[in-house]
Amino acid sequence: MYPFQLKSNENASVSYPQHENGHVDSISLLSSEKTVQELLEPAIQGMDGNLVEFSEALRTVAKALRLAAEGKACAQADAAEWKHKYELERERNMLLEHKVLSPEEHHCDLPSERNEGLSNKEDATYQAIGQTLKCCGKNGICTHEILRDGEADSDYESVKNGRKKKASFKLAWYCKGESSDQYKHDVVSFARGNITTAERSSKQISLKWETSPQTVLVLTKPNSTSVRIICAEMIRWLKQHKKLDIFVEPRVRSELLTESSFFNFVHTWEDDKEALLLHTKVDLVVTLGGDGTVLWGASLFKGPVPPVVAFSLGSLGFMTPFYSEHYKESLDAILQGPISITLRHRLQCHVIRESAKHELRLDELTLVLNEVTIDRGISSFLTNLECYCDHNFVTTVQGDGLILSTTSGSTAYSLAAGGSMVHPQVPGILFTPICPHSLSFRPLIFPEHVTVRVQIPANSRSPAWVSFDGKGRKKLEPGDALLCSMAPWPVPTACQVDSTSDFLRSIHDGLHWNLRKTQSFDGPRDT
Ligand SMILES: NC(=O)c1ccc[n+]([C@@H]2O[C@H](COP(=O)([O-])OP(=O)(O)OC[C@H]3O[C@@H](n4cnc5c(N)ncnc54)[C@H](O)[C@@H]3O)[C@@H](O)[C@H]2O)c1
Ligand SMILES: Nc1ncnc2c1ncn2[C@@H]1O[C@H](COP(=O)(O)OP(=O)(O)OP(=O)(O)O)[C@@H](O)[C@H]1O
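Cut-offs and rules
- Residues numbered from 1 in each chain as written.
- Chains lettered and ligands numbered in written order.
- Predicted model: local features only at pLDDT ≥ 70, side-chain atom pairs only at ≥ 80, totals over all residues.
- Heavy atoms only, no water.
- Core = buried A, V, L, I, M, F, W, Y, C linked by side-chain atoms within 4.5 Å.
- Buried < 20%, exposed > 50% of the residue type's maximum accessible area, 1.4 Å probe, protein only.
- Helix = DSSP H or I, 4+ residues; strand = E, 2+ residues; numbered from the N terminus.
- Contact = heavy atoms within 4.5 Å.
- Near = heavy atom within 4 Å.
- Polar contact = N/O pair within 3.5 Å; in protein donor to acceptor, adjacent residues only side chain to side chain.
- Areas by Shrake-Rupley, 256 points an atom, 1.4 Å probe, with all protein chains shown as cover.
- Nonpolar A, V, L, I, M, F, W, Y, C, P; charged D, E, K, R; others polar.
- Pairing = 2+ DSSP bridges.
- Salt bridge = Lys/Arg side-chain N within 4 Å of Asp/Glu carboxyl O.
- Right-handed = clockwise from strand over helix to strand, strands pointing away.
- Phe/Tyr/Trp six-rings, centres within 6.5 Å; stacked < 30°, edge-to-face > 60°.
- Lys NZ or Arg CZ within 6 Å of the ring centre and 35° of its normal.
- Patch = residues over 30% accessible without salt bridge, like charges linked within 9 Å, V, L, I, M, F, W, Y side chains within 5 Å.

> Kindly report on the nonpolar core, identifying the contributing residues and their values.
In terms of nonpolar packing, the biggest core is built from 39 residues, with Val218, Leu238 and Leu288 touching the most fellow members. The element best represented in this core is helix α8 (residues 225-242), accounting for eight residues. Excluding its chain neighbours within four sequence positions, the residues that come into contact with Val218 are Cys231, Ile235, Leu238, Ile246, Phe247, Val248, Glu249, Val286 and Leu288. Judged by nonpolar contacts, the second largest core, of 27 residues, contains Val372, Ile374, Leu385 and Phe446.

Below, the structure is given as structure tokens:
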């Protein structure tokens, strides 16, 4: 049923001849009304009552035809305007997608068949999507699909740059210990009038390397002696015992080199443009620090993210399940695989400036792993935030602000503001007010597919401030808005056990659950 509906809608929205035909029809209808009037006018004079009635009826019919024609012309004008808006929006999205993903934007040459017609950016995007669909098949998901880093491209790039080929892996969904290669795209099926949902209970995601990882990026919390020591030790071990290529941040490379020239083999990047290409070079990311270092690591990847192994070297680690003391055993197991992973969803955020509402270019897209927060900053006035979910008005937040959080971020700021804790594998957007000045406002959770818009009303008394994972604060002036939706690039984090055990352990340890002593048997009882 749906494919047919979609097809007809598609034709309706893009077919120009129909549009033009429509106009011709309306004009001919308008002129027919005029003709009827011209023909009847002289004849009517001096006719009897019946004929007058008949002519009135004809006049009514002609009027109805004219109104219908006008309505149609109006609808066509509306459709043309919407089509124009849609095309602008599509072009904007294409530009953004290319900015983040397209290798040609980063000045990489592509094999000739991908290069053809690159002036037409849509073609390149469709080719990439086509390739993804081709690979996807029924047997899990492969890295080159996730990273849009097809075999042909990798080979070509590797030869060109004399660099090692990126390791590929495969994801499988398994249920209650049973492994299955079948990744069900269909959540709901519809057969013989019955709607059923696919079996989804307690599925964990397992990552299996198809070729061995060769390159590791090590990210560290700054200004910490213990982190510095363990970082140097780990890099030495990864090189000497695992023969891996290592990338670190420019700051860390300088630190390592002041320690010893042995670390000359360590790679880094020179500028942001080069950092944007990290996902094409790195097979695994290791973080040494707390949750903040995981957030920092995720923020370096503006598109796809390689698997992240987070070692705990902070005070409170909800996303850092690995103990740094056991790094050798943990990395041994991870490099060998398979490993359980949590696919942590991210939100993509856009600031829309009132002052630039007619411009095609938007502010830069920002991805968050925890949350985006809009608050009153230093202003003493309440924030006044109009919130919409897919064009539906939700509420006006009057209070200190609003948090739009991922489920991974549900244990962070959103929790402190009274939001629920949600398993990180649940896809959804948490909508949590900060100190609302309305007793009836409670936190909400929206499904993954919605777009939330937070608008600063033009008559707001003060500006608001937006921050992304607690960083990059920006001022939102009256009239500005923030658009927020689920990003297509999650952060795959390696689990110590599996995503549910790790989540429960983090709240047991982090929030001191189950520390209350159990009541003794010895005491009063119901009789
Ligand atoms: N009142 C609050 O609870 C509050 C206020 C501001 C920011 N934050 C959080 O701090 C985060 C930034 O972290 P940072 O380390 O860069 O700053 P930070 O150094 O100020 O640390 C903030 C604390 O939040 C913890 N945290 C971060 N992400 C978490 C998560 N997903 N689950 C549970 N705890 C988490 C960190 O471990 C740390 O203890 C923001 O994304 C925000 O969620 C919380
Ligand atoms: N590589 C990095 N470069 C720049 N800033 C970083 C880096 N790693 C972490 N940070 C920042 O340093 C701060 C502290 O990091 P992190 O949360 O990892 O350590 P912590 O505060 O000791 O841990 P915890 O919060 O668990 O006590 C965070 O704000 C984080 O964004």
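Now that the structure has been shown, the text picks up again.
> Break down the site of ligand 2 for me, with residues and values.
Close to ligand 2 lie 15 residues, the nearest being Thr220, Lys221, Gly290, Thr293 and Ser315. Contact between ligand 2 and Gly292: an oxygen atom at 3.0 Å from a main-chain N or O atom of the residue. Here ligand 2, which alone exposes 610 Å², has 70% of that area covered by the protein. Ranked by residue count, the leading element in the shell around ligand 2 is helix α12 (residues 291-300), at four residues. Its residues assigned to classes, the shell around ligand 2 shows three nonpolar, seven polar and five charged.

> Lay out the pairing of strand β21 (residues 464-468) with the relevant residues and their values.
On a regular strand, each side chain points to the face opposite its neighbour's, so the side chains alternate between the two faces of the sheet. The buried count for β21 comes to four of five residues, which makes it a mostly enclosed element. Note that strand β15 (residues 371-375) and β21 share four bridges and pair antiparallel. Paired with Asp375 across the bridge in β21 is Trp465. With antiparallel pairing between neighbouring strands as the criterion, β21 and strand β22 (residues 471-476) make up a hairpin whose turn holds two residues, including Asp469 at a positive phi of roughly 50°.

> How would you summarise α12 if you had to cite specific residues and measurements?
Most of α12 sits out of view: seven of its 10 residues are buried. Within the sequence span of α12, burial applies to Asp291, Thr293, Val294, Leu295, Gly297, Ala298 and Leu300.

> Any details on the site of ligand 1? Residues and values, ideally.
In the vicinity of ligand 1 lie 16 residues, with Asp291, Leu316, Asn370, Glu371 and Thr411 positioned nearest. Separating a nitrogen atom of ligand 1 from a side-chain N or O atom of Thr411 is a distance of 2.7 Å. Starting from 780 Å² of accessible surface for ligand 1 in isolation, the protein chains cover 63%. Listing elements by their share of the shell around ligand 1, those giving two or more residues are α12 and α14 (413-416). With three residues, α12 is the single largest residue contributor to the shell around ligand 1.

> Let's hear about the pattern of salt bridges: which residues, and what values?
Using the criterion set out here, one finds 11 salt bridges in the structure. Here Asp375 and Arg473 are joined by a salt bridge, their closest N and O atoms 2.8 Å apart. Of this pair, Asp375 sits in strand β15 while Arg473 sits in strand β22, and the two are 98 residues apart along the sequence. Among the charged side chains, a network of salt bridges with common partners joins Glu249, Arg251 and Glu255.

> So what's going on with unusual backbone geometry? Residues and values would help.
Leaving glycine out, the prevailing phi sign among residues is negative, and the prevailing peptide bond configuration is trans. Cis geometry is found at the peptide bond from Gly337 to Pro338, where omega equals -10°. In this structure, Pro338 sits in the loop between α13 (327-336) and β12 (339-344). For Asp390, which is not a glycine, the phi torsion comes out positive at approximately 45°. Inspection of the secondary structure puts Asp390 in the loop between β16 (383-389) and β17 (392-405). A positive phi angle, near 65°, is found at Asn514, a position not held by glycine. Judged by relative accessible area, which is 59%, Asn514 ranks as exposed.

> Describe in detail the pairing of strand β7 (residues 215-220), supporting the description with residues and values.
Taken across its six residues, β7 has six buried, putting it largely inside the fold. Here β7 shows a buried face lined by Thr215, Leu217 and Leu219 and a second buried face lined by Val216, Val218 and Thr220. Here four bridges tie β7 to strand β8 (residues 245-248), and the two strands are oriented parallel to one another. Considered in β8, the bridge of Val218 is made with Val248. At this point the chain moves from β7, through α8, to the parallel β8, and the crossover so formed is right-handed. Here β7 pairs with strand β9 (residues 284-289) via five bridges, running parallel. Looking across to β9, one finds that Val218 is bridged to Val286.

> Run through the packing of aromatic side chains, naming residues and quoting values.
The tally for this structure, following the rule as stated, stands at nine aromatic pairs. With a centroid separation of 5.8 Å and an interplanar angle of 85°, the aromatic rings of Trp237 and Tyr327 are classed as edge-to-face. Of this pair, Trp237 sits in helix α8 while Tyr327 is found in helix α13, placing the two residues 90 residues apart along the sequence. Tyr327 carries the same exposure label as Trp237, and that label is buried. Taken together, the ring pairs in this structure connect Phe262, Phe263 and Phe265 into an aromatic cluster. We note Arg236 situated over the ring of Phe262; from NZ or CZ to the ring centre the distance is 4.5 Å. Note that Arg453 overlies the ring of Tyr388, its terminal NZ or CZ placed 4.5 Å from the centroid.

> Hey, could you go over a nonpolar patch on the surface for me, with residue numbers and the actual values?
A surface patch of nonpolar side chains, amounting to about 250 Å² of accessible area, comprises Leu51, Phe54 and Leu58. Structurally, Leu58 can be placed in helix α3 (residues 49-101).

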